[in-house]
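Geometric and topological summary
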Amino acid sequence: MSSTAAVEIHGAHAEHHELGFVRTYLFSTDHKMIAKQFLFVALFMMAIGGLMAMLMRLELGWPENQWSFLRIFPETLQQDNAITPNTYNSMFTMHATIMIFFVVMPILVGTFGNLLVPLMIGARDMAFPKLNMFSFWVSAIAGVIILSSFFVTGGAAAAGWTSYAPLSAVPNYTGVDWGQDLWCISLIVLGMGSLMGSINYITTIINMRTKGMTFFRMPLVIWSLFITAILLLLALPVLTTALALLLFDRMAGTHFFLPSGGGEPLLWQHLFWFFGHPEVYIMILPAMGVTSDMIATFSRKPIFGYRAMAYAMIAIAFLSWIVWGHHMFQSGMNPALGTSFMLTTMVIGVPSAIKTFNWLGTLYKGDIHFTTPMLNALSFVAMFVIGGLSGIFMACTPVDMYIHDTYFIVAHIHYVLFGGSLFGIFAGITYWYPKMFGRMMSEKIGKLHFWITFIAFNCTFFPMHILGMGGHMRRIYNPLQYDFLKPLAGINEFISVSALILGAAQFIFLFNLIYSYWFGEKATENPWHANTLEWTTPVHPGHGNWPGKLPTVYRGPYEYSSPETTEDYWPQNAPPEHMSAAAD
Amino acid sequence: MFLEKMYFPHDISTFGPSIDAIFLLIFWITVVTWVLVTITLVVFLVKYRTRPGRKAEYIEGNSRLEITWTTATTVILVALALLSRSTWADIKEHGPPGDFFYKVTAKQFNWEITYPGPDGKIDTKDDVTVENEFHVPVNKVIRIELESKDVIHSFFVPNMRLKQDAVPGRTIAVWFQATEPGTYEIPCAELCGFGHSGMLGHLTVQSEDDYNKWLKDTYTNQ
Amino acid sequence: MTAKIRPLIVPARRPRRDVFDGDGASEPFISSGKIAVLMLIASEIMLFSGLVGPFLVYRGEAPFWPPPGLPRLPIFVTWINTFVLLSSAVTMFLGVRAVHQNRQRMVRRWLAITLILGSAFLAIQGSEWVRLVAHGLKLSSGTYGATFYTLIGLHGAHVTAAVIWLGCIAIAAMRGRYGAKNAGAVEICAIYWYFVCAIWPALFVLVYLT
Ligand code: HEA
Ligand code: HEA
Ligand code: CUA
Ligand SMILES: [Cu+2]
């Protein structure tokens, strides 16, 4: 006890070499502060991306209705209080771009990566703290650019988040001029930011693991972040080239993607999806890592098949490079090629299967505590399975011919990205909140948010499978223009209502974040009785994380309920009996 | 039929049934998987919820189980792929020789249907071109040259489960055989600009005589 | 030979520690700086493949390559240029070796020569571009012009970056900043330099010779 007190003081000391407000909060090089910066920016972006979604749902539920409150939005989003076809296209384009590039990636990689990598491997900071700071600010600039595109004449990009050429390559085709250019520029800039980030993570994990922290003693969340960083490093440059070529087509009169002049429209799709598919795993792997840690910790049991879990993630990383064609089955790509892509896509389901079953195995004969992080992690498993299984339908070429570009796809997207990534994010934030802010998030409010979100989420996105089976195309602004979709209007309305509830529920989460910052109960050093190193620092870790020497690691991260201990957990740095005896 | 209860549009194509069959197969495989996974999950959650004085059992894994479920899923998934191969090949790779030939040109935001004139050939000066009105005889193999003038569109006939992108600079071969007379919708399924929503043609399947009559009328009216 | 290359890959002795590179942390096998530059190179390779891929596609689809009516690329001058760039890799290598041997005069000489060779490469290429544009090969002249300028231009940009980087290193070297005990910065810059030189022959063969 006294020792911890001492540590506290010491920790407090570490913060005390005077840094001004600017150095501490704006241009901080402390990985923990950078993690928080990413979190706040991403939440802000989430509000905007979510707002777009809400407006889309208003339009789809009650097509071409006028809503007087739309007045508050700029002309680029509404015209005389109604959403126009073009603004609708901008909305889902920006919705997806923001949610994917400025919400899920920043939180999973930016926040969790920065916060956890040094703390969990026992390092005092990233290998290149300055580079880390730049990585945040470059990403922030990208965010400003993408938001600014709402206000330029012609409005924001409206060619979908996939921006298929030639639609995206010639301003006249969409009527969007600067919006699309800014979209490209923003993502190029963001690419640089995450390049800096990923280099930093890889180097840190390879070089700065503390004594005894071998690769196979790393928590799975670190494994997932390591693999994600490698995917980022290799995938984003491809997007960057594609975007650069698109910009040349738009600005310099080249014809890379324009058939007039020898260009090849499908080339854009190949480049985009060669990046795009690894990208989707970039968005799920860290969430899988978080889930694994939650499930092990809260069923007080070692993760089932630790190595299998790590190898499965490595397998996903490799396979994700050879499946991109499954987005192009109906694109006019050689059908024989489609067949081989169907095969690889089916195979990539296997590692995910391994992970799913191992999560179940971890629960088996566990001692399961239903904390808020655990609830969110469990619903990650349940929802990811649904999203993954719907992927199997689309992986099958003949079936995809019918459901391609329908709401079946939209349902899949949201089951994996909201049901998967976002629930993983909720779990992670509630679990590591005490590490970030020194207080616990309110369990009551947390559970309330979880249940409303969980139910509203399923009411919103499950019916989309049925819309898809009815042939309801995606990216259409008014389904009532089609006779064969009229029977589905009721479902659309139901979805919209649930979506509004879902959106509102997120404010509960926001409230919990803010409320607990001041009124949450004070956190202890190891509030969840976890084994991993981040819980061996003071409650408020200073610059450099550990006041004294760096911890030494003696065992793997998941030694819960080990027969060798009386406690049901055994911290990685707790010296084995004989050694501690020697120490006395 | 079950799928039509699930809002599947009534199928009028020759290959539709095999597509629906595969859909159903995957549907049941995934439903069973999902039920098994979810039941196990819920049972474990209830059975092993924390109770005072009980400690979790220290289990690190089980290689035999790992191997079992890895091979099981691999077998199921690969089997699915192999099984779908032929259907796909019939629809998109080869297919029966055509009885009637047309050219469909997509453009923002209409389908341009080109009918061969009296000489029965396309791309000759006696062609008839109509917008969004696609008439075909029933029970005949229809072959289409699919093209686009500007951006990528997608030729989608829900009632035939048929979908094929129209890519500028390419001519893509599409075939189908309608089995029931009637009028069906041809929406565009690929985002193609602000007019994407509402880009809509109509497919009229009619007896060969009606078809010929209609074609003659439109021809003379030009 | 291998004995000479070794220092480039495995640090000869304890590498300069990064700010927080942990007390008690296991001794790094490769210094963080080197891992970083290798990672950078990995992603650069993807960047180039993102352009080479399309280039090959266009070539495959074009009936004539190069298309008739467009000026031919200057083969002979570019052979010379290739020689210039590759020799700069050798001088760079000698420079690094001199650093390890603590022979400051040699260090300055070799780095300076490398710098000059690099700039020469850029100068020659620049003048060739001017002539090509004058002869009517523009970015907008078909996929041929477009791929040529983007692909070669991207490489040019990398050489420029490398030259600037080496410039900074060279200035520090003039002040005798580097030696056997402190060679990290030079080695890292050298690795990048080798990379920039190494991809050129590939581009040369692809774009000019075939
Ligand atoms: C986090 C993101 C994420 C993840 C993880 C996945 C995972 C998968 N995705 Fe998905 N996908 C997207 C995000 C993601 N996807 C997005 C955003 C799009 C739309 C892009 C756009 O067009 O806008 C898309 C589109 C998309 C398509 C294109 C559809 C079309 O446009 O026509 C396809 C086709 O094959 C596909 C397949 C798959 C498959 C097979 C998996 C597999 O990895 C799933 C594996 C998981 C399981 C299979 C479940 C668990 C396993 C078991 C319980 C074992 C038992 C299972 C069986 C025996 C079957 N996805
Ligand atoms: C991570 C990714 C992600 C997430 C989280 C979401 C979330 C949601 N999405 Fe989105 N969606 C995509 C990714 C995502 N989507 C993609 C990739 C597409 C394809 C786009 C394309 O076709 O190009 C798509 C398309 C898409 C469509 C299809 C559009 C079309 O094809 O016509 C629809 C329609 O209903 C939709 C709805 C929703 C809804 C209702 C939510 C709801 O879950 C949103 C819930 C609301 C919020 C989360 C906002 C409230 C949040 C807060 C209040 C945060 C608190 C913090 C502060 C205020 C600071 N989405
Ligand atoms: Cu044409 Cu969408
Ligand atoms: Cu994919």
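We now turn to the structure provided with this report. This structure is a prediction, so every number in the text was calculated from the model and none was measured.

**A short note on the overall build of chain C**
In terms of regular secondary structure, chain C is built from 6 helices and 0 strands. Each helix and strand of chain C, ordered N terminal to C terminal, gives the series α-α-α-α-α-α. Counting the 210 residues in chain C, one finds 51% classified as buried. Summarising the internal contacts of chain C: among those between residues at least 6 apart in sequence, 77% fall at separations of at least 24.

**Focus: the site of ligand 1**
Around ligand 1, a shell composed of 32 residues is seen, among which A:Tyr281, A:Asp400, A:His404, A:His412 and A:Arg474 lie nearest. Near ligand 1, the surrounding residues belong to chains A and B. Taking A:Asp400, its side chain carries an N or O atom lying 2.5 Å from an oxygen atom of ligand 1. Between A:Arg474 and ligand 1, the recorded distance is 2.8 Å, taken from a side-chain N or O atom to an oxygen atom. Where the shell around ligand 1 is concerned, the elements lending two or more residues are helix H9 (265-282), helix H12 (335-363), helix H13 (372-395) and helix H15 (407-437) of chain A together with helix H3 (63-93) of chain B. When residues in the shell around ligand 1 are grouped by element, the largest group, 8 residues, is from H13(A). Split by residue class, the shell around ligand 1 holds 18 nonpolar, 12 polar and 2 charged.

**Structural notes on the interface of chain A and chain C**
Contacts between the two partners involve 41 residues from chain A and, on the opposite side, 36 residues from chain C. Carbon and sulfur atoms supply 71% of the area that chain A and chain C bury against each other, a total of about 2900 Å² over both sides. Viewed at the interface, chain C and chain A are joined by 0 salt bridges. Along the contact surface separating chain A from chain C lie 3 residue pairs in polar contact (both at pLDDT 80 or more). Listing elements by their share of the side of chain A that touches chain C, those giving two or more residues are helix H7 (178-207), helix H8 (220-251) and H9 of chain A. Counting residues per element, the side of chain A that touches chain C draws most heavily on H8(A), which supplies 8 residues. Residue composition of the side of chain A that touches chain C, grouped by class: 22 nonpolar, 13 polar and 6 charged.

**Observations regarding the sheet that holds strand E4 (residues 133-137) of chain B**
All names here are of chain B. Judged by pairing direction, the sheet is mixed, and its 3 strands sit side by side in the order E4-E10-E9 without closing on themselves. Each edge of the open sheet carries a strand with a single partner, namely E4 and strand E9 (182-187). On average, each strand axis in the sheet is tilted by 25° relative to the strand beside it, whichever way the strands run. Strand direction decides the pairing type here: E4 and strand E10 (residues 200-206), joined by 5 bridges, are parallel. Pairing of Phe134 across the sheet is with Leu203, part of E10.

**Some points on the coordination of the iron atom of ligand 1**
All names here are of chain A. You will see that the iron atom of ligand 1 has only one donor from the protein, His412 (NE2), lying 2.2 Å away. Here the copper ion (ligand 4) and the iron atom of ligand 1 are spaced 4.5 Å from one another. With respect to the helices and strands, the residue His412 is situated in helix H15.

**A closer look at H15(A)**
Residues and elements named next belong to chain A. At Tyr431, H15 shows its largest bend, some 45°, and a proline, Pro434, comes one to four positions later. Along H15, 30 of the 31 residues are buried, which leaves the element largely enclosed by surrounding structure. Of the residues flanking the end of H15, it is Gly438, one or two places downstream, whose phi is positive at about 75°.

**Observations concerning the pairing of strand E1 (residues 100-107) of chain B**
Residue and element names in this part refer to chain B. Of all 8 residues in E1, 7 are buried; the element is thus mostly enclosed. By the bridge criterion, 7 bridges tie E1 to strand E5 (residues 141-148) in an arrangement that is parallel. Bridge pairing in E5 places Tyr102 opposite Ile144. Direction of pairing for E1 relative to strand E2 (residues 110-115): antiparallel, over a ladder of 5 bridges. Paired with Thr105 across the two strands is Glu112, which belongs to E2.

**A few points about the packing of aromatic side chains**
Applying the stated criterion to the full structure yields 90 aromatic pairs over all chains. The interplanar angle of 40° and the centroid separation of 6.4 Å between the aromatic rings of A:Phe418 and A:Phe461 together place this pair among those described as tilted. Placement of the pair is A:Phe418 in helix H15 and A:Phe461 in helix H16 (residues 443-469), with a sequence separation of 43 residues. Comparing A:Phe418 with A:Phe461 shows no difference in burial state: the two are buried. Ring pairing ties together the aromatic residues A:Tyr415, A:Phe418, A:Phe423, A:Phe426, A:Phe450, A:Trp451, A:Phe454, A:Phe457, A:Phe461, A:Phe462 and A:Phe509, which thus form one cluster. In this structure, B:Arg161 packs its charged tip against the face of A:Tyr402, placed 5.1 Å from the ring centre. The ring of B:Phe156 has B:Lys163 lying over it, and the distance from NZ or CZ to the ring centre is 4.0 Å.

**What to know about the interface of chain B and chain A**
Across the boundary between the two partners, chain B contributes 79 residues, which contact 98 residues of chain A. Of the roughly 7600 Å² buried where chain B meets chain A, counting both sides, 71% is carbon and sulfur surface. Summed over the three residues of chain B that lose the most area to chain A, namely B:Tyr58, B:Trp88 and B:Leu191, the buried surface amounts to 10% of that side. Its salt-bridge partner being A:Lys365, residue B:Glu57 comes within 3.8 Å of it at the nearest N-O pair. For the pair chain B and chain A, the interface holds 27 residue pairs in polar contact (both at pLDDT 80 or more).

**A few points about the site of ligand 2**
All names here are of chain A. Arg57, Tyr88, His95, His414 and Arg475 are the nearest of the 37 residues found near ligand 2. Here an oxygen atom of ligand 2 and a side-chain polar atom of Tyr88 are 2.6 Å apart. Separating an oxygen atom of ligand 2 from a side-chain N or O atom of Tyr407 is a distance of 3.3 Å. Counting residues per element, the shell around ligand 2 draws most heavily on helix H3 (residues 31-61), which supplies 10 residues.

**A look at the state of the cysteines**
Residue and element names in this part refer to chain C. Tallied over the entire structure, the rule returns 0 disulfides over all chains. Counting only cysteine sulfurs, Cys189 is the nearest neighbor of Cys168, a cysteine outside any disulfide, at a range of 8.6 Å. Of the residues examined, Cys168 reaches a relative accessible area of 47% and is grouped as partly exposed.

Analysis parameters
Residues numbered from 1 in each chain as written. Chains lettered and ligands numbered in written order. Predicted model: local features only at pLDDT ≥ 70, side-chain atom pairs only at ≥ 80, totals over all residues. Heavy atoms only, no water. Helix = DSSP H or I, 4+ residues; strand = E, 2+ residues; numbered from the N terminus. Buried < 20%, exposed > 50% of the residue type's maximum accessible area, 1.4 Å probe, protein only. Contact = heavy atoms within 4.5 Å. Near = heavy atom within 4 Å. Polar contact = N/O pair within 3.5 Å; in protein donor to acceptor, adjacent residues only side chain to side chain. Nonpolar A, V, L, I, M, F, W, Y, C, P; charged D, E, K, R; others polar. Buried area = accessible area lost by both parts, 1.4 Å probe. Salt bridge = Lys/Arg side-chain N within 4 Å of Asp/Glu carboxyl O. Pairing = 2+ DSSP bridges. Axes fitted to C-alpha atoms, helices over the stretch in contact; angles between N-to-C directions. Donors = N, O, S within 2.8 Å, 3.2 Å for Na, K, Ca; no water. Bend = angle between axes of the 7 residues up to and from the residue. Phe/Tyr/Trp six-rings, centres within 6.5 Å; stacked < 30°, edge-to-face > 60°. Lys NZ or Arg CZ within 6 Å of the ring centre and 35° of its normal. Disulfide = S-S within 2.5 Å.

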